[in-house]
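Residues per chain are reported as follows:
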Amino acid sequence: MKTESPQTSAVESLLSELDLTDLPVGGTNLINAVAVGLKEIWAHKFRSALTMLGIVLGVSSLIAMSAMVKGMEIGQKEALLASGGLRKVRLEAQSVPVQQRHLRDFARGMTLSDATAIEAGVPDAEIVAPEMRLEDNPTLAANGKLFRTYMTLGVYPKQAAVSEHVVQHGRIFNDIDADEARAVCVIGTGIRDELFGRPEETGTEVIPIGKTMTINGQPFTIIGMFQLYEGEQDRKARLAAAAAKAAVLASGKKETTGPQRGRGRGGGSYAFWIKNNTVYMPLNTMWQRFQSSRSNAPAEPRLSTIEIKLHDFDRLNQSLVKIRNIMLVNHRGIEDFSFRTLEDWGEDIDRFVRNARLSGSLIAGISLFVGGIGIMNIMLASISERIREIGIRKAVGAGDLDIFTQILVESTVIALVGGLVGLLASRFVVKAIAWVAPTGNDPVITWTAMGVAFAFAAGVGVLAGLFPAFKAARMNVIQALRYD
Amino acid sequence: MALLELRGVSKLYQLGGEEIRALDDISLELNEGEFVSIIGPSGSGKTTLMHILGFLDSPTRGSVSLEGMEIGKASSRELARIRNRSIGFVFQSFNLLPKLNVVQNVELPMIYAGLGSRVRRERALKALEMVDLGNRLKNRPSQLSGGQQQRVAIARALVNNPRIILADEPTGNLDTHTGELILALFRRLAAEGRTVILVTHNPEIAAVTPRRIEIRNGKIVDHVDARLAGLHRPNPEQVPSAT
């Protein structure tokens, strides 16, 4: 730039130092826009806080809803898994169907040869466990007490794996026990509770290994005991009750809970209850001591059930077809068996979770949406009180895109900060809900839920900012500069 | 080659179905280092002319060239770029952002030029020292006198090193003495090679500039150039005929 003035001035030295030719032109500096946005929010702290509140509530209620559904899902799935999970198929003996009644005499019932055939013919069957159930709720007696249970089964030891049983004390019977049809059994903790007293009453946990128990009058030696099966929630309740009891005992007061009683069970805890009240004995023992001696006993041991654990749930249908074919061949076409899976239970859980999530998300989503409207409202108010500022910014060189970005960033920053606060607040919201309306299952906050809620908040911020940002960007610079 | 050239520029507005001719076929050339005033009563079209000279607005008809490049009907993005790089505005009401302090106000044009914060800070400080405000950096505009605010505005106008300074009634809100100081500052800027355009309704202020363009009803009615009278360097080729 040529200068006619001979003296060099501050301006000239400034000019010579600054070379503007290679500058990025009209570039939107995002960091700067964020800084301006934060400053703007800070300048109107109270207003911004109120605006954020909508997002905070939306995000935290979205997370809380998802946490509660997740808690219920976990509780349900726990019970499903305790019952053997989705890979378990029960093949149950049933009477000959009506249309095959004339073939009744040829029906030979379910036998061990079926189990062997399935094991040999269905590669997808991981474990095939024949099961012989003692009908009519046998009477168990020990320690001077009686108890009737309907889960007294003669099984192979591998049955424990199919039904997810774990022997915690003692051992499970072996081949010698089976071959000799020894009178040995493994019991669940529920049986122990009924006959020998529950740990809560006796003070110490009774492990009745080696004790004798009669089953329908026949003496059996208890050689093993399963672990206690319970849901996460039951465990917490039990520990809390134990602690409360200890506190009561320590204070020397009398208990006020009334006499011991069965209190009725529903839902998931029922699955655990059944499982805890199981008696296992060797299949051969069951046959020799209970079934073969009956007057109407068949010549060949009859099974009540064959439990099959599949390798892969995804091939359930193909596997069922295979098993059915084998069974039909073995049974000469007589369909005196039926399948039972836990699919419906699994589907019920999935359906429930899906529905709860959908309706919950809808409600929480509405509150996020309302939060978004709040942001849009405040951004519109904000740009109309900053018309002159926008005019000045445009006069000194801000492009439409710069103004657009600035407003959009401001609304997004409000939403993001609100979202972050919402993430923190969700912990307290969840606690508050669990306190006000306790459910069977503790809510579980997942990272996914947090991520989704936060992403939604960010999206709402962007959407809410679009219209105000567009409006601000399209302002006429001359009119904006003149505006008072 | 003229720095800024208007050829046959008209600006029409539709107002209630009636066509208003704010500018009517104006041709004008402004050169590097010129100190020129545009004078006219309110409603004469001088503000519209200033908007077009400052690339705040595009003409309805005619062409505007900057440094020999015809701008024509540029997009708003291009106009913003030109305002950012080639024009420095000084307004009657200063138009500083009240929420920002002095340095931040001066940094504003550089933000939109995409400069980094260190460079911005450095150049803002230099520009503020140049207008003798190096000691009021952290003040808000409301804590400054009118003269100081106008000097902040001038620093802001200079900070992107534009070739044209466009001042709209820059002394309108200032007392006589302060106004003279501001005008002296403009004279200095023109002497250093910048084109300074003063838009005013006040003939006394217009009298300080060597070249005066008087506008009325959207037309240039008088064009005085002291240089043509031999006070400066006469150069008839460069001066367009006064309509």
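About the cut-offs
Each chain carries its own residue numbering, running from 1 in the written order of its sequence. Following the order in which they are written, the chains are lettered starting with A and the ligands numbered starting with 1. Confidence filtering applies because this is a predicted model: local features only for residues at pLDDT of at least 70, side-chain atom pairs given and counted only at 80 or more, and all residues used for totals across whole chains, interfaces and linings. No hydrogens and no water enter the side-chain calculation; it runs on all heavy atoms of the structure. Secondary structure counts use DSSP, requiring at least four H or I residues in a row for a helix and at least two E residues in a row for a strand, with both numbered from the N terminus. Here, two residues are considered to be in contact whenever any of their heavy atoms come within 4.5 Å of each other. Method for areas: the Shrake-Rupley scheme with a 1.4 Å probe, in which residue coverage is limited to the protein chains shown. Using a 1 Å grid laid over the protein atoms alone, points where a 1.4 Å probe fits but cannot get out form a cavity; open sets with protein on both sides within 12 Å along at least 5 of 7 lines form a pocket; any residue with an atom within 4 Å of a point counts as lining. Grid points are joined across faces, edges and corners, and a volume is the space filled by probe spheres set on the points. Gly is put with the polar residues, along with every residue not named as nonpolar or charged; the nonpolar set is Ala, Val, Leu, Ile, Met, Phe, Trp, Tyr, Cys and Pro, and the charged set is Asp, Glu, Lys and Arg. You can read pLDDT as the predictor saying how much it trusts each residue, on a scale of 0 to 100. By definition, two strands form a pair when at least two bridges between them are found by DSSP. For helices, the axis comes from a line fit to the C-alpha atoms of the stretch in contact; other axes are also lines fit to C-alpha atoms, and the angle between any two N-to-C directions lies between 0 and 180 degrees. Salt bridges, as used here, are contacts in which a Lys or Arg side-chain nitrogen is within 4 Å of a carboxyl oxygen on Asp or Glu. Burial here depends on accessible area, computed with a 1.4 Å probe over protein chains only, as a share of the maximum for the residue type. Under 20% is buried, over 50% is exposed, and the range in between is partly exposed. Expected span, for any helix, means 1.5 Å times one less than how many residues it has. Here a Phe, Tyr or Trp ring, Trp counted by its six-membered ring, pairs with any other such ring whose centre lies within 6.5 Å, and the pair is stacked when the planes are under 30 degrees apart, edge-to-face when over 60, and tilted otherwise. In this scheme, the term charge over a ring applies when either NZ of a lysine or CZ of an arginine sits within 6 Å of the ring centre and within 35 degrees of the ring normal. Buried Ala, Val, Leu, Ile, Met, Phe, Trp, Tyr and Cys residues form a nonpolar core when they are joined through side-chain atoms within 4.5 Å. Nitrogen and oxygen atoms within 3.5 Å of one another constitute a polar contact, given that in protein one can donate a hydrogen and the other can accept it, and given that sequence-neighbouring residues count only through two side-chain atoms. A residue counts toward a patch only above 30% relative accessible area and without a salt bridge, and it is joined to like-charged neighbours within 9 Å or, for Val, Leu, Ile, Met, Phe, Trp and Tyr, to nonpolar neighbours within 5 Å.

Engineer: Any chance you could explain the overall build of chain B here in plain terms?
Structural biologist: The secondary structure content of chain B amounts to seven helices and 10 strands. A fraction of 69% describes how many contacts in chain B between residues 6 or more apart in sequence connect residues 24 or more apart. Counting only carbon and sulfur atoms, one obtains 49% of the accessible surface of chain B, whose full area is about 10100 Å².

Engineer: Looking at this structure, how should I read the layout of surface pockets?
Structural biologist: To find the voids left in a structure, one rolls a probe of water-molecule size over its atoms. Residue and element names in this part refer to chain A. Quantified by volume, the second largest pocket comes out at close to 750 Å³. In this structure, the second largest pocket is lined by 30 residues; those nearest its centre are Lys88, Arg90, Met151, Ile274 and Glu307. The set of elements that each furnish at least two residues to the lining of the second largest pocket consists of β1 (88–93), β2 (125–133), β5 (151–155), α10 (268–276), β10 (278–282), β11 (305–310) and β12 (337–341). Top element by residues in the lining of the second largest pocket is β1. It accounts for five residues. Per-class residue counts for the lining of the second largest pocket are 12 nonpolar, nine polar and nine charged.

Engineer: Explanation requested: the confidence of the model for chain B in the structure shown.
Structural biologist: Any segment with low pLDDT has predicted coordinates that should not be analysed in fine detail. Residues and elements named next belong to chain B. For chain B, the average pLDDT comes to 85, and 91% of its residues sit at 70 or higher. Considering only residues more than four positions removed or in separate chains, one finds that residues 230–237, a stretch of pLDDT under 50, has seven contacts. Interface confidence for the predicted complex, expressed as ipTM, amounts to 0.88; the pTM equals 0.69.

Engineer: Looking at this model, I keep getting lost on the sheet that holds strand β3 (residues 35–39) of chain B. Mind explaining?
Structural biologist: Note: strands within a sheet are paired through backbone hydrogen bonds, in either parallel or antiparallel orientation. Residue and element names in this part refer to chain B. Across the sheet, which stays open at both edges, the six strands sit in the order β6-β7-β8-β3-β9-β10 with mixed pairing between neighbours. What marks the edges here is a single partner per strand, and that holds for β6 (87–90) and β10 (219–225). Between one strand axis and the next, the sheet turns by 20 degrees as a mean value, whatever way the strands run. Note that β6 and strand β7 (residues 164–168) share four bridges and pair parallel. Note on β7: the bridge partner recorded for Ile87 is Ile164.

Engineer: Looking at this model, I keep getting lost on the pairing of strand β4 (residues 145–148) of chain A. Mind explaining?
Structural biologist: A regular strand places its side chains so that they alternate between the two faces of the sheet. Residue and element names in this part refer to chain A. Relative to β4, strand β3 (residues 139–142) is paired through four bridges, and the arrangement is antiparallel. Bridge pairing in β4 places Leu140 opposite Phe147. In this antiparallel pair of consecutive strands, β3 and β4, the connection spans two residues, and Asn143 shows a positive phi of 60 degrees.

Engineer: Would you explain the pattern of salt bridges in this entry?
Structural biologist: Opposite charge on two side chains permits pairing when their charged atoms draw close. Residues and elements named next belong to chain A. Inspection of every chain in the model, using the stated rule, returns 38 salt bridges over all chains. Arg357 is the partner of Glu73 in a salt bridge, and the nearest nitrogen-oxygen pair spans 3.4 Å. Of this pair, Glu73 sits in helix α3 (residues 45–82) while Arg357 sits in helix α13 (residues 343–384), placing them 284 residues apart in sequence. Residue Glu73 is classed as buried on the basis of its relative accessible area of 11%. For Glu205, the salt bridge goes to Arg192, with nearest N and O atoms at 3.3 Å. Here Glu205 is found in the loop between α8 (199–202) and β8 (212–215), whereas its partner Arg192 is found in helix α7 (residues 189–196), with 13 residues between them in sequence. Residue classification places Arg192 among the buried residues on the basis of a relative accessible area of 3%. Sharing partners across several salt bridges, the network here consists of Lys88, Arg90, Glu92, Glu131, Glu307 and Arg340.

Engineer: Can you walk me through helix α12 (residues 316–330) of chain A in this structure?
Structural biologist: Note on helix geometry: an α-helix contains 3.6 residues per turn, so any two residues three or four positions apart are oriented the same way. Residues and elements named next belong to chain A. With 15 residues, α12 extends 21 Å from end C-alpha to end C-alpha; this agrees with the ideal 21 Å at 1.5 Å per step. Of all the positions in α12, only Leu316, Ser319, Leu320, Ile323, Ile326, Met327 and Leu328 are classed as buried. The inward-facing, buried residues of α12 contact β1, α4 (112–121), β11, β12 and α13.

Engineer: Honestly, the confidence of the model for chain A in this entry has me stumped. Any pointers?
Structural biologist: Residue and element names in this part refer to chain A. Here chain A averages 82 in pLDDT, and 89% of its residues register 70 or above. The secondary-structure element of chain A with the lowest mean pLDDT is helix α1 (residues 10–17), recorded at 45, while helix α16 (residues 447–473) shows the highest, at 92. Below a pLDDT of 50 lies the segment residues 1–28, which in the model reaches 51 contacts outside its immediate sequence neighbourhood of four places, other chains included.

Engineer: Help me understand the packing of aromatic side chains, please; the structure alone is not making it clear to me.
Structural biologist: All names here are of chain A. Evaluation of the coordinates by the stated rule reveals four aromatic pairs over all chains. A centroid spacing of 5.9 Å and a plane angle of 15 degrees characterise the contact between Phe220 and Phe290, whose relative ring orientation is stacked. Separated by 70 residues along the polypeptide, Phe220 in strand β9 (residues 218–226) and Phe290 in helix α11 (residues 283–291) bring together distant segments of the chain. Geometrically, the ring pair formed by Phe337 and Phe339 is edge-to-face, given 6.2 Å between the ring centres and 80 degrees between the ring planes. Taking NZ or CZ as reference, Lys275 lies 4.2 Å from the ring centre of Tyr229, over its face.

Engineer: Sorry, what's going on with the nonpolar core here?
Structural biologist: Side chains that are nonpolar tend, in soluble globular proteins, to be buried together. Among the nonpolar cores identified, the biggest contains 83 residues, and Leu4(B), Leu6(B), Leu53(B), Phe55(B) and Ile197(B) are the most heavily contacted of them. The element contributing the most residues to this core is α13(A), with nine residues. Grouped together as the second largest cluster of nonpolar side chains are 42 residues, Val128(A), Met213(A), Ile222(A) and Ile326(A) included.

Engineer: What's the story with the sheet that holds strand β1 (residues 4–15) of chain B in this structure? I'm lost.
Structural biologist: Residue and element names in this part refer to chain B. Pairing in this open sheet of four strands is antiparallel, and the strands run β2-β1-β4-β5 from one edge to the other. Looking at the sheet topology across the chains shown, the edges are occupied by β2 (18–30) and β5 (69–70). Where strand β4 (residues 61–66) lies against β5, two bridges are found, and the strand directions are antiparallel. Within β5, the residue paired with Ser65 across the bridge is Glu70. Of the strands in this sheet, β1, β2 and β4 touch helix α1 (residues 46–53), which is tilted by about 125 degrees from β1.

Engineer: What is the right way to look at the side chain of Thr278(A) in this model?
Structural biologist: Residue and element names in this part refer to chain A. For Thr278, the position within the fold is in strand β10. A distance of 3.2 Å separates a polar atom in the side chain of Thr278 from the backbone oxygen of Ile274. Aside from chain neighbours lying at most four places away, what touches Thr278 is Met151, Leu153, His165, Val186, Ile187, Gly188, Ile191 and Phe226.

Engineer: Would you explain a nonpolar patch on the surface in this entry?
Structural biologist: Residues and elements named next belong to chain A. A cluster of nonpolar side chains, Leu362, Ile363, Ile366, Phe369, Val370 and Ile373, forms an exposed patch at the surface whose accessible area comes to about 660 Å². Looking at the secondary structure, you find Ile373 in helix α13. Looking at Ile373, the relative accessible area reads 47%, which means it is partly exposed.

Engineer: Help me out: how do you make sense of unusual backbone geometry in this one?
Structural biologist: Comment: phi is negative for the bulk of residues other than glycine, and the bulk of peptide bonds are trans. Residues and elements named next belong to chain A. You will see that Asn216, though not glycine, has its phi angle at about 50 degrees, which is positive. Its location among the elements puts Asn216 in the loop between β8 and β9. Of note in the backbone geometry, Arg332 takes a positive phi value of approximately 55 degrees without being a glycine. With respect to the secondary-structure elements, Arg332 resides in the loop between α12 and β12. On the accessibility criterion, Arg332 (56% relative accessible area) is exposed.

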